[in-house]
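Structural overview for review
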Amino acid sequence: MIALLAKVFIKDRQNYSDGTVRKKYGTLTGITGIVLNVFLFIGKFIAGSISGAISIMADAFNNLSDAGSSVISLAGFMMADKKPDPDHPFGHGRMEYISGLFVSVLIIMMGFELGKTSVSKIISPESILAVIIPAAAILVKLYMFAYNRIYGRRINSASMKATALDSISDVVATSVVLISILLTKFFGINIDGYAGFAVSVFILITGIKSIKET
């Protein structure tokens, strides 16, 4: 899909060292990441609400935080070409860090709230039934890993390479959720609360790392 869109929207698309081409690739992959993560969030949120699976809800908000990260990456590429002005003689790059800090705080707040809810689910577990959405999400995240890794290497983008690694981390987190659902469905072993807590810890760690970087 990215290759097809690049053919349509990016002229001289194989000139990866050109600043304008790099910006367009960053914009294209950033918007794609936002759209895919928002759709994953909506799908998982609906599935989690219907099934009562806190692990799916936690994973949904993890995708929402990924959408926020894509927004920051997109802003970084947009700011990179903006020239200094009299009010900003050193450029506008600092806005990326301020936005990153704001999103990082939101990620930590989401992780904390989901952690509290997961603890309550551990104390009072509920039955759950939802498999298709997490399985589809794993495939989507594997695709996001592939295109971010390929084009991150081609244009030598640190943010896209980081997004590729984050996508693999999401595959692991969603796999934990899927395993917990399958254990409940086929063996009656309900570890939904524990899986949700594990994902919430993962979200907290992600937020803390993001704050340290910004």
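Each remark here, short or long, concerns the structure printed above.
All of the points below concern the structure found in this document. These figures come from a predicted structure and were not determined experimentally.

Within the chain, the regular secondary structure consists of seven helices and zero strands. Ordered by position from N to C terminus, the α and β elements of the chain give α-α-α-α-α-α-α. Within the chain, the fraction of its 214 residues that count as buried is 41%. If you sum the accessible surface of the chain, you get close to 11600 Å²; carbon and sulfur atoms cover 70% of it.

Time to look at helix 2 (residues 19-51). Under the 1.5 Å per step criterion, the end-to-end length of helix 2 is 47 Å for 33 residues, consistent within 8% with the ideal 48 Å. Once helix 2 ends, the next one or two residues include G52, with phi positive near 75°.

If you look at the biggest cluster of nonpolar residues, it comprises 13 residues, and the most contacted ones within it are I10, Y25, Y147 and Y151. Counting only elements with at least two residues in this core, the list comes to helix 1 (2-9), helix 2 and helix 5 (132-154). In terms of residues, this core owes the most to one element, helix 2, which gives four residues. Setting aside anything within four residues of it in sequence, one finds I10 in contact with L5, V21, K24, Y25 and L28. Within the second largest apolar cluster, twelve residues are counted, among which are A53, I54, V199 and I203.

With 30 residues, helix 6 (residues 158-187) should cover 44 Å at 1.5 Å per step; its first-to-last C-alpha distance of 43 Å lies within 8% of that length. For helix 6, the set of buried residues is M160, A164, S167, D170, V171, A173, T174, V177, L178, S180, I181 and T184. One or two residues past the end of helix 6 sits G188, with phi positive at roughly 70°.

Two elements in contact, helix 5 and helix 6, have axes separated by 8 Å at closest approach and are oriented at 165°. Of the possible angle classes, the one that applies to helix 5 and helix 6 is roughly antiparallel. At the point where helix 5 passes helix 6, the crossing takes the left-handed sense. Residue classes in the contact of helix 5 with helix 6 are distributed as 15 nonpolar, six polar and five charged.

Within the structure shown, the criterion is met by three salt bridges. Of the charged contacts in the structure, one is a salt bridge between D66 and K141, with a shortest N-O distance of 3.2 Å. Here D66 is found in helix 3 (residues 54-80), whereas its partner K141 is found in helix 5, with 75 residues between them in sequence. In this structure, D66 and K141 share a single accessibility class: buried. Shared partners join several salt bridges into a network, and the residues in it are D66, K141 and D170.

A few words now on a nonpolar patch on the surface. Residues V38, I42, F45, I46 and I50 make up a contiguous nonpolar surface patch of about 440 Å² in total accessible area. Within the fold, I50 resides in helix 2.

Moving on, we come to the packing of aromatic side chains. For the coordinates displayed, the defined rule picks out six aromatic pairs. For the ring pair Y25 and Y151, a centre distance of 5.2 Å and an interplane angle of 25° mean the geometry is stacked. Of this pair, Y25 sits in helix 2 while Y151 sits in helix 5, and the two are 126 residues apart along the sequence. Across this residue pair, the class does not change: Y25 and Y151 are buried. Grouped by ring-pair contacts, the aromatic residues Y16, Y25 and Y151 constitute a single cluster. Across from the ring centre of Y151, 5.1 Å away, lies the NZ or CZ of R154, which sits over that ring.

Rules and cut-offs
Residues numbered from 1 in each chain as written. Predicted model: local features only at pLDDT ≥ 70, side-chain atom pairs only at ≥ 80, totals over all residues. Heavy atoms only, no water. Helix = DSSP H or I, 4+ residues; strand = E, 2+ residues; numbered from the N terminus. Buried < 20%, exposed > 50% of the residue type's maximum accessible area, 1.4 Å probe, protein only. Areas by Shrake-Rupley, 256 points an atom, 1.4 Å probe, with all protein chains shown as cover. Expected span 1.5 Å × (residues − 1). Core = buried A, V, L, I, M, F, W, Y, C linked by side-chain atoms within 4.5 Å. Contact = heavy atoms within 4.5 Å. Axes fitted to C-alpha atoms, helices over the stretch in contact; angles between N-to-C directions. Parallel < 35°, antiparallel > 145°, perpendicular 65-115°, else oblique. Left-handed = near helix turned anticlockwise from the far one by under 90°. Nonpolar A, V, L, I, M, F, W, Y, C, P; charged D, E, K, R; others polar. Salt bridge = Lys/Arg side-chain N within 4 Å of Asp/Glu carboxyl O. Patch = residues over 30% accessible without salt bridge, like charges linked within 9 Å, V, L, I, M, F, W, Y side chains within 5 Å. Phe/Tyr/Trp six-rings, centres within 6.5 Å; stacked < 30°, edge-to-face > 60°. Lys NZ or Arg CZ within 6 Å of the ring centre and 35° of its normal.

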